[in-house]
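# Architecture and fold: a report
In case you want the letters, here they are:
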Amino acid sequence: VPEDQADKLLLASWGLPKAVLEKYHSLGVVQMFEWQAECLMLGQVLEGKNLVYSAPTSAGKTLVAELLILKRVLETRKKALLILPFVSVAKEKKSYLQ
């Protein structure tokens, strides 16, 4: 992330509602890693273009997906489909996203 865009590491810089930011903050998530912000700033990904990215387990891939989904749903007022690999993860995310 270029120095002039360092604020993009903060979740508060992405136009999310206060309630969403408070939930992330309560979980200790206030800012992203540089690679996560870079994913969100690539091309037209925020306008709905495809993004393929890879990172090790527990590196933060889910946060990128969540932010893309949240922004898209809030801006377009359309539904989103989040597919998860395990029932336990799906239950955890359901609780978390409600």
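For the structure itself, consult the block above.
To keep things clear, this report deals only with the structure shown in the data block. All values reported here derive from a predicted model rather than from experimental measurement.

What follows is about the environment of Leu51. Mapping Leu51 onto the fold places it in the loop between helix H2 (34–41) and helix H3 (61–76). It is 9.5 Å that separates the C-alpha atoms of Leu51 and Ala65, two residues lying 14 residues apart in sequence. In contact with Leu51, not counting residues within four places along its chain, are Cys39, Leu42, Val45, Val64 and Leu68.

So, about the pattern of salt bridges. Considering all chains together, one arrives at three salt bridges under this definition. The partner of Glu22 in a salt bridge is Lys18, with the nearest N and O atoms 3.8 Å apart. You can see Glu22 and its partner Lys18 sitting in helix H1 (residues 18–26), four residues apart, about one turn around the helix. With a relative accessible area of 63%, Lys18 lands in the exposed category. A salt bridge links Glu66 to Lys93; the nearest nitrogen and oxygen atoms lie 2.5 Å apart. In this pair, Glu66 is assigned in helix H3 and Lys93 in helix H4 (residues 87–97), connecting sequence segments 27 residues apart. The exposure class of Lys93 is buried, given its relative accessible area of 14%.

Moving on: H3. Taking 1.5 Å as the rise per residue, H3 with 16 residues should run 22 Å; its terminal C-alpha atoms sit 23 Å apart, in good agreement. Those residues of H3 not exposed but buried are Leu63, Val64, Glu66, Leu67, Leu68, Leu70 and Lys71.

Following the criterion strictly, the structure yields one aromatic pair and no others. Centroid distance Trp35 to Tyr53: 6.3 Å. Interplanar angle 40 degrees. Geometry classified as tilted. Taken together, the positions of Trp35 in helix H2 and Tyr53 in the loop between H2 and H3 put the pair 18 residues apart, joining distant regions of the chain. Given a relative accessible area of 25%, Tyr53 falls into the partly exposed group. For Lys8, the ring lying beneath its charged end belongs to Trp14, and the centroid distance is 4.9 Å.

Thresholds, definitions, all that
Residues numbered from 1 in each chain as written. Predicted model: local features only at pLDDT ≥ 70, side-chain atom pairs only at ≥ 80, totals over all residues. Heavy atoms only, no water. Helix = DSSP H or I, 4+ residues; strand = E, 2+ residues; numbered from the N terminus. Contact = heavy atoms within 4.5 Å. Salt bridge = Lys/Arg side-chain N within 4 Å of Asp/Glu carboxyl O. Buried < 20%, exposed > 50% of the residue type's maximum accessible area, 1.4 Å probe, protein only. Expected span 1.5 Å × (residues − 1). Phe/Tyr/Trp six-rings, centres within 6.5 Å; stacked < 30°, edge-to-face > 60°. Lys NZ or Arg CZ within 6 Å of the ring centre and 35° of its normal.

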